[in-house]
Amino acid sequence: MPGTKAHLLCRKYIVDTIKPYCDSVTLQQFTHFWSVSQSTLTMHNIIATQNWKDAKERVLLLAHWDSRPFADQDKNPANHDKPILGADDGASGVAVLMELAKALQNHHPGLGIMFFFTDGEDLGPNIDEMLLGTDYFADHLPSPKPNYGILLDMIGNKGVKVPIEQEGYNSNPRFVNDFYSFVDKNGFSGTFPDKFGYDMEDDHIPLIQKGIPTMDLIDFDYAPWHTLGDTVDKCSAESLGKIGDALTLWLTQKPVYKVVPMGPTG
Ligand SMILES: [Zn+2]
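These remarks concern the structure in this document.

Reading guide: rules and limits
Residues numbered from 1 in each chain as written. Predicted model: local features only at pLDDT ≥ 70, side-chain atom pairs only at ≥ 80, totals over all residues. Heavy atoms only, no water. Core = buried A, V, L, I, M, F, W, Y, C linked by side-chain atoms within 4.5 Å. Buried < 20%, exposed > 50% of the residue type's maximum accessible area, 1.4 Å probe, protein only. Contact = heavy atoms within 4.5 Å. Disulfide = S-S within 2.5 Å. Axes fitted to C-alpha atoms, helices over the stretch in contact; angles between N-to-C directions. Helix = DSSP H or I, 4+ residues; strand = E, 2+ residues; numbered from the N terminus. Parallel < 35°, antiparallel > 145°, perpendicular 65-115°, else oblique. Left-handed = near helix turned anticlockwise from the far one by under 90°. Nonpolar A, V, L, I, M, F, W, Y, C, P; charged D, E, K, R; others polar.

1. Side note on the nonpolar core
Working step 1: Core analysis: the largest hydrophobic core is formed by 46 residues, its most contacted members being Phe117, Ile150, Phe192 and Leu217.
Working step 2: The contacts of leucine 217, once residues within four sequence positions are left out, are Ile150, Leu151, Leu152, Asp153, Ile155, Val162, Phe179, Tyr180, Phe192 and Leu247.
Working step 3: In terms of nonpolar packing, the next biggest core, distinct from the first, is built from 11 residues, Trp52, Leu62, Phe116 and Leu151 among them.

2. Side note on the state of the cysteines
Put plainly, two cysteines are in a disulfide when a covalent bond ties their sulfur atoms together.
Working step 1: Tallying each qualifying case throughout the model produces zero disulfides.
Working step 2: Take cysteine 10: it sits in no disulfide, and the sulfur closest to it among the cysteines is that of cysteine 235, at 14 Å.
Working step 3: Given the relative accessible area of 30%, cysteine 10 is considered partly exposed.
Working step 4: The buried category is assigned to cysteine 235, whose relative accessible area is 16%.

3. As for the packing of helix α5 (residues 173-185) against helix α7 (residues 237-253)
Working step 1: At their nearest, the axes of α5 and α7 sit 10 Å apart, and the two run at 110° to each other. On the basis of the axis angle, α5 is roughly perpendicular to α7. Between α5 and α7 lies a crossing of right-handed hand. Listed contacts from α7 to Phe175, Asp178, Phe179, Phe182 and Val183 of α5 are Ala246, Leu247, Leu249, Trp250 and Gln253.
Working step 2: A class-by-class count of the residues in the contact of α5 with α7 yields eight nonpolar, one polar and one charged.

Below is the structure:
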């Protein structure tokens, strides 16, 4: 969680892990006056790129790397002010992004990839103090900016199932339909059921508001969510592998996929 030594160590771990596979790795610093501690927290987005400047199409892959300071969904009220480990809620998306940085390092020259590890997503306690890193990023977009985004959140659950998330779908239905039919054709229909799931208030929203269509790949049917039980034994390497394989296939077979902007009438 932000403001701790563990947070600094985790940031170093992510940077050191992806550095060999990326053209650049930078920290984007921002601050937030936190209502809980009544002090200013300094946080950092981690932004890494592959072939960003020269690409024809640019995709933003993102996940939050902070974890929540409160187990506020825990059955035991005594745990509500304890921080969660966030094995699925946070670390699962980060794990897949780090592995993709390695798997995609020699990708198609037409494709630019930005790996965006966002901070302060789960700070809270309420939504007005969440999504902080993506809010900041969306207000300071890189140039050139991404054509579209794919958000990974809570995708490590055993037997992971990622239905279509409504807000991401609305941001560009054609793109989301194309992605789901592509992964379906390639044998991932068990992981990506072609039906609507929850409507999420997640890191894709600030990007969509700035005109970047972004899908939210999330399995929100996860009982240990925001409890002390969100630990690594609930996660599955097979699930992480399926998400990573599906994305690798999409990004290598559709390297210059063009998101056609929606007209003013939608
Ligand atoms: Zn969370």
